[in-house]
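# Residue-level structural notes
Letter by letter, the chains look like this.
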Amino acid sequence: MHRNPSPPDGLPLPDEAGQERLLLLDLVRSTEAAALRAARLMGKGDPDAVELEAAEGMRGMLNQLPFRGRVVIRAGPGRPSGQLLPGERIGGGGAGTPELDVAADPVEGPRLVADGLPNALSVFVAANAGSLHSVRCQYMNKIAVGPRGRGRIDLRAPVRENLRAVAAAMRRKIRDLTVVILNRPRHTALIQDVRSIGARIKLISDGDLAASLAAAMEDSGVDVVLGIGGSAEAVLSAAALRCVGGEIQAEPWFADDASRIQYLAEGHAPEKVFTTEDLAAGPGIILAATGITDGDLLRGARFQGDRARTFSVLMRARTGTIRFIETFHNLAGISEKRGGYLPPAR
Ligand code: VTB
């Protein structure tokens, strides 16, 4: 009988790209853990509890994985701590394991979960050390599009020109484009503008990162994301868009004079427009996201007694591979310490 010969010295140790590939499949456990814990608290009206539980689940799982991570940016402007905070070391790897930049949003949209609204998800990004931008302002004004819109947008140009160019690139009429905008008073003029141009609008109460992830995928029903949202969400969106060949442009935006003055005092140029590559550079970007509530891109977590089901996406910039993963979790007998999956008994 023919046998496959085994290599004389076993498989060679993986190089950087190989380590990245192995880690990516494991990373999904961290967003699954965060999503399951958060989803348990759906509709209970307590966004802070959602956030804390999810961050704990994510952290617990990440600390079992073989990498050394440094958190570069904090998600959710003005939200309570319990988050993964900038400077925090995360990951359970020792010497010889990859040193990575990390940006995470254990719950993108804790208020969405608290109210049982759609499009809450858990997101984690890792990249080569030094390649994720640690933007030093809370908010950014953004425009994001998927691969077909790449090269057609200009944050400084009028909205009409951007929508016209994206529609042309997608071989559609402007009225067939769907634009996502956070429903905030600061966007009143922008919303009027887009209405007068004739595109369809989806106003969201939270979650412009989820919208950018949806825009990254062709048939999600989201084409363009416009307006002012969190800076960390811009970095995470850039990571996703790097993986699929989409584009984001973002510039600092200040809610008040004090934050503008502080930004200037730290020596940053307030007028700079950050490109996708400025926000998330280098070849080694990997992203995992898991749905918490049902959304445009991913279905939310489902609980079925001893089993739970989650829906996730994995993306890798180096190869552009996108994987959708549906997981059936066996919750019976998994302790919180061991797995990190088990949502709290409340
Ligand atoms: C957005 C949204 C996030 O923060 O970035 C938003 O996408 C911006 O902040 O989900 P404001 O709520 O202060 O406008 C989140 O809502 C996260 O908190």
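Residues numbered from 1 in each chain as written. Predicted model: local features only at pLDDT ≥ 70, side-chain atom pairs only at ≥ 80, totals over all residues. Heavy atoms only, no water.

In this section: the overall build of the protein chain. Counting its regular elements, the protein chain contains 10 helices and 13 strands. Radius of gyration (C-alpha) of the protein chain: 20 Å, near the 20 Å computed for a compact globule of 346 residues. Seen along its three principal axes, the alpha-carbon backbone of the protein chain occupies a region of about 70 × 50 × 45 Å. Taken over 346 residues, the protein chain has a buried fraction of 54%. Of note, the protein chain has its 43 positive side-chain charges centred 4 Å away from the centre of its 40 negative side-chain charges. (Helix = DSSP H or I, 4+ residues; strand = E, 2+ residues; numbered from the N terminus. Rg over C-alpha atoms; globule rule 2.2 N^0.38 Å. Buried < 20%, exposed > 50% of the residue type's maximum accessible area, 1.4 Å probe, protein only. Lys, Arg positive; Asp, Glu negative; His and termini not counted. Charge placed at Lys NZ, Arg CZ, Asp CG, Glu CD.)

In this section: the site of the ligand. What surrounds the ligand is a group of 15 residues, the closest being Tyr139, Arg184, Asp206, Asp208 and Gly230. In this structure, Tyr139 approaches the ligand through a side-chain N or O atom, which is 2.6 Å from an oxygen atom. At a separation of 2.3 Å, an oxygen atom of the ligand approaches a polar side-chain atom of Asp206. Within the complex, the protein chains bury 92% of what would otherwise be the 400 Å² of accessible surface of the ligand. Of the residues assigned to the shell around the ligand, the class counts are 3 nonpolar, 4 polar and 8 charged. No fewer than three residues from each of domain 1 (16-132 + 284-337) and domain 2 (139-279) sit in the shell around the ligand. (Near = heavy atom within 4 Å. Polar contact = N/O pair within 3.5 Å; in protein donor to acceptor, adjacent residues only side chain to side chain. Areas by Shrake-Rupley, 256 points an atom, 1.4 Å probe, with all protein chains shown as cover. Nonpolar A, V, L, I, M, F, W, Y, C, P; charged D, E, K, R; others polar. Domains from an automatic or database assignment.)

With respect to the helices, strands and loops of the structure, Thr97 is situated in the loop between strand S2 (89-90) and strand S3 (99-108). Of the residues examined, Thr97 reaches a relative accessible area of 17% and is grouped as buried. Among all residues touching Thr97, those that are not within four sequence positions of it are Pro66, Phe67 and Arg68. (Contact = heavy atoms within 4.5 Å.)

All right, on to the pairing of strand S5 (residues 139-145) then. Taking burial as the measure, the 7 residues of S5 include 7 buried ones, the bulk of the element. Neither face of S5 is exposed, since Tyr139, Asn141, Ile143 and Val145 on one face and Met140, Lys142 and Ala144 on the opposite face are all buried. Alignment of S5 against strand S8 (residues 224-230), held across 7 bridges, turns out to be antiparallel. Following the sheet pairing, Ala144 is matched in S8 by Val225. Here 7 bridges tie S5 to strand S9 (residues 247-253), and the two strands are oriented antiparallel to one another. Its bridge partner lying in S9, Ala144 is registered against Ile248. (Pairing = 2+ DSSP bridges.)

Moving on to the packing of helix H1 (residues 16-40) against helix H2 (residues 47-62). One way to put it is that H1 packs onto H2 with a least axis distance of 7 Å and a crossing angle of 155°. With respect to H2, the axis of H1 lies roughly antiparallel. Read as a crossing pair, H1 and H2 show a hand that is right-handed. Contacts from Leu27, Arg29, Ser30, Thr31, Ala33, Ala34, Arg37 and Ala38 in H1 reach Val50, Glu53, Ala54, Glu56, Gly57, Met58, Met61 and Leu62 in H2. Across the contact of H1 with H2, the residue classes tally to 9 nonpolar, 3 polar and 4 charged. (Axes fitted to C-alpha atoms, helices over the stretch in contact; angles between N-to-C directions. Parallel < 35°, antiparallel > 145°, perpendicular 65-115°, else oblique. Left-handed = near helix turned anticlockwise from the far one by under 90°.)

With that settled, consider empty space enclosed by the protein. Scanning all chains against the criterion turns up 4 cavities of 30 Å³ or more. Forming the boundary of the largest cavity are 13 residues, of which Gly146, Pro147, Met170, Ala215 and Glu218 lie nearest the centre. A per-class count over the lining of the largest cavity returns 8 nonpolar, 2 polar and 3 charged. (1 Å grid on protein atoms, 1.4 Å probe; cavity = no way out; pocket = protein on both sides within 12 Å on 5 of 7 lines; lining within 4 Å. Points joined across faces, edges and corners; volume = space filled by probe spheres on them.)

As a further point, take the environment of Arg186. As for its placement among the helices and strands, Arg186 is situated in the loop between strand S6 (178-182) and helix H5 (188-197). Put simply, Arg186 and Gly207 are 21 residues apart on the chain and 16 Å apart in space, counted from C-alpha to C-alpha. Apart from residues lying up to four places away in sequence, Arg186 is in contact with Tyr139, Ile228, Gly229 and Trp253. At 2.7 Å, the side chain of Arg186 forms a polar contact with the backbone oxygen of Ile228.

Taken in spatial order, the 5 strands line up as S7-S6-S8-S5-S9 in an open sheet, and their pairing is mixed. Among the strands making up the open sheet, the edge pair consists of strand S7 (200-204) and S9. Put simply, the sheet's adjacent strands are angled 15° from each other on average, direction ignored. With respect to the sheet, helix H4 (residues 159-169) is in contact with S5, S6 and S8, its orientation differing from that of S8 by roughly 135°.

One pass over the structure, following the stated rule, counts 3 aromatic pairs. Relative to Trp253, the ring of Tyr139 lies with its centre 5.7 Å away and its plane at 90°, an arrangement referred to as edge-to-face. You can see Tyr139 sitting in strand S5 and its partner Trp253 sitting in strand S9, a full 114 residues away along the chain. Exposure remark for Tyr139: the relative accessible area of 18% places this residue in the buried category. A relative accessible area of 26% means that Trp253 is categorised as partly exposed. Aromatic pair Phe254 and Tyr263: ring centres 5.1 Å apart, planes at 55°, arrangement tilted. Each member of the pair, Phe254 as well as Tyr263, carries the same accessibility label: buried. The ring of Phe303 is capped by Arg40, whose NZ or CZ atom sits 4.2 Å from the centre of that ring. Over the aromatic face of Phe274 sits the side chain of Lys272, whose NZ or CZ is 5.2 Å from the ring centroid. (Phe/Tyr/Trp six-rings, centres within 6.5 Å; stacked < 30°, edge-to-face > 60°. Lys NZ or Arg CZ within 6 Å of the ring centre and 35° of its normal.)

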